[in-house]
Structure formats: C-alpha cells, structure tokens
Amino acid sequence: MLNLEQQIKDAMQQVAELSDCQLVESINPDTQLLECGLDSLGYAMLVAQLEEDLGYDPFTELALDTYPSTFAEFLAMYQQCANNR
Amino acid sequence: MKAGIPEHAFKPLQEEHLQLVWQWRNSPRIMQNMHSSALVKWLEHCAWFEKLKGDNSRQFYIFLQDQRPIGVLNFSDMNTATPEWGCYLGETNVWPGSGIMLEFAALDFCASHHQFSHLLAQVLSFNHAANNMHKVFEYKPLSLKKGGKRDGQNFDIQHYSYELKQWAENRGKILKKLPKKIALAAAHMQFLE
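Residues numbered from 1 in each chain as written. Chains lettered and ligands numbered in written order. Predicted model: local features only at pLDDT ≥ 70, side-chain atom pairs only at ≥ 80, totals over all residues.

J.: Could you clarify how one ought to interpret the packing of helix α2 (residues 40–54) of chain A against helix α4 (residues 98–111) of chain B in this entry?
T.: Relative orientation and spacing of two packed helices are given, respectively, by the angle between their axes and the distance between those axes. Packing of α2 of chain A against α4 of chain B leaves a shortest axis separation of 6 Å and a crossing angle of 125 degrees. The angle between α2 of chain A and α4 of chain B falls in the class oblique. With respect to the hand of their crossing, α2 of chain A and α4 of chain B are arranged in left-handed fashion. Contact residues: Ser40, Leu41 and Ala44 of chain A in α2 of chain A; Ser98, Gly99 and Ile100 of chain B in α4 of chain B. Tallied by class, the residues present in the contact of α2 of chain A with α4 of chain B amount to 3 nonpolar, 3 polar and no charged. (Axes fitted to C-alpha atoms, helices over the stretch in contact; angles between N-to-C directions. Helix = DSSP H or I, 4+ residues; strand = E, 2+ residues; numbered from the N terminus. Parallel < 35°, antiparallel > 145°, perpendicular 65-115°, else oblique. Left-handed = near helix turned anticlockwise from the far one by under 90°. Contact = placed C-beta atoms within 7 Å. Nonpolar A, V, L, I, M, F, W, Y, C, P; charged D, E, K, R; others polar.)

Spelled out as structure tokens, the structure:
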C-alpha cells in the first residue's frame, strides 16, 4: 500500500495531466502549493481527487487555524485527518 | 478555527489594508506576473491610492476569505461598456479554489451591471495558471501583443474578452465542470459597500 505522501504526489501528477498543468520538477516539503505548478482549479481538483481516493477531506472535516501553504503543511493536515479516523 | 466551506466577500480598499496590499504587490511571486516588475515605493503606493479614491473609472476590492484579507480584485475602465479586470492572491495559505472564486466574482460583478457588454482581461504569456483559468471559463482570446523582456526572456501580453450576456448561460455549465465545493462557495460570495 502506498504511503500517504506518495498517494498525494501521485494525485498531483494525475490532476496536473487532467488540467493541462506542468508540475515543478521536484515537490519537496517547502514547495509552495501555489507554486507547485497546479493552478487554482488544479488545487481544488487535487482535494476532490484525494477525497475520492482516501475517503476524507481535511478542509471540510478539520477545524483549521489556517490553510496549508507548503506541501509539508498539506501532508501534515492529511496525516492528522487520517489519524483522527 | 474554520471547517467546511469558507465565506468570500469583496470590500473596497481602505487605509486599513493599504500596507498589506503594498507588501503583496512588492512580493516576488506577485511582481513576476505584473506588467511592471519594479518595486513600488511606499510613497508611490500612497499616491496611487489617493488617485484611486477620486477615480470613478476604477474600483479596487480586497478579497476576504472568512473575513481574512487574502488578495485583490480590481476593475478599470468602469466608465466604458468594456471594463477590464485583474486580480491576485496575496496570501499563499488559502482555501483550494480561491483563484476560481476571483474568476467568478469578476464575471458575476460585471454581469450584474447592465451597462457593461464585455469584460476584458490581459495576462502575461508566461502566466500559465491565469491563462489556463481564462480558458476554463471560456474567455475569447483576442490579440497577442509584445510585452517586453522579463529575466532576459521576451514575453507577450494575451488580451481576452468575455461577452457578459453569455455569462448567464455559461455560469452553470462551467460550475458543473468544477469540484462541487466550488459551486457551494460561489453561491455565497458578496460585494460589500
């Protein structure tokens, strides 16, 4: 079974292809979500795709102080949501 | 703490957000997609704001997400039938789909003013995200004009137009192509006085 980080990266690649976007060469923990190559629609599609793949949407389920800015924050939010289930 | 779909509102720019907008405008991420990539001095920014206040042809809104300022939406040529718009997200920790909200807001706002026939836009050729979004919303590409040089590379300026009477027909069709939560968020946007 793929780990969560890889699942998210795979979903990013899938969404990039669907939405005609080009992901940056390497997604690392500090990569800004707004600069990873996905546009706003791509980012929204990524969250929808992950909800389909994982069965949850942290943006809806978690009481967030703030939204994630980097890939590390995005991953941590999904990990927190997975742990809560 | 927030959960669920955030609320979006647009508030005319006032002094309280002037410094924030200046910081956004001078951040490398925003500057790179502007016509002019030069730093704006504080006094120039204040002078721009003073001029804006007395200019009926322009409107400049702060984009609020759950009451937090995250970007701007601006219109020019409001005294013509074909206003032009621009926008950016100043913050990076925003709800997924925030940029789409700006697209909806611009079209909804102008389509609700019946004196406008078309909404115009300009995007620098290397700004793939903005060009892609305009394509999704079915803007009509107009001319491609020479823009200049940025980081040693030539770039063009893509001009777009949207016939506003088409927006009423297209809005629902475009919403169907987007994630469902976008439709929920788009239903609750408001322009504040």
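J.: I would appreciate a short explanation of the packing of helix α1 (residues 4–18) of chain A against helix α4 (residues 71–83) of chain A in the present structure.
T.: Residues and elements named next belong to chain A. Running from amino to carboxyl end, α1 crosses α4 at an angle of 125 degrees, the nearest separation of the two axes being 10 Å. Classified by the interaxial angle, the pair formed by α1 and α4 is oblique. The handedness of the crossing between α1 and α4 is right-handed. Contacts between α1 and α4 involve Leu4, Glu5 and Ile8 from the former and Leu75, Tyr78, Gln79 and Ala82 from the latter. Looking at the contact of α1 with α4, its residues break down into 5 nonpolar, 1 polar and 1 charged.

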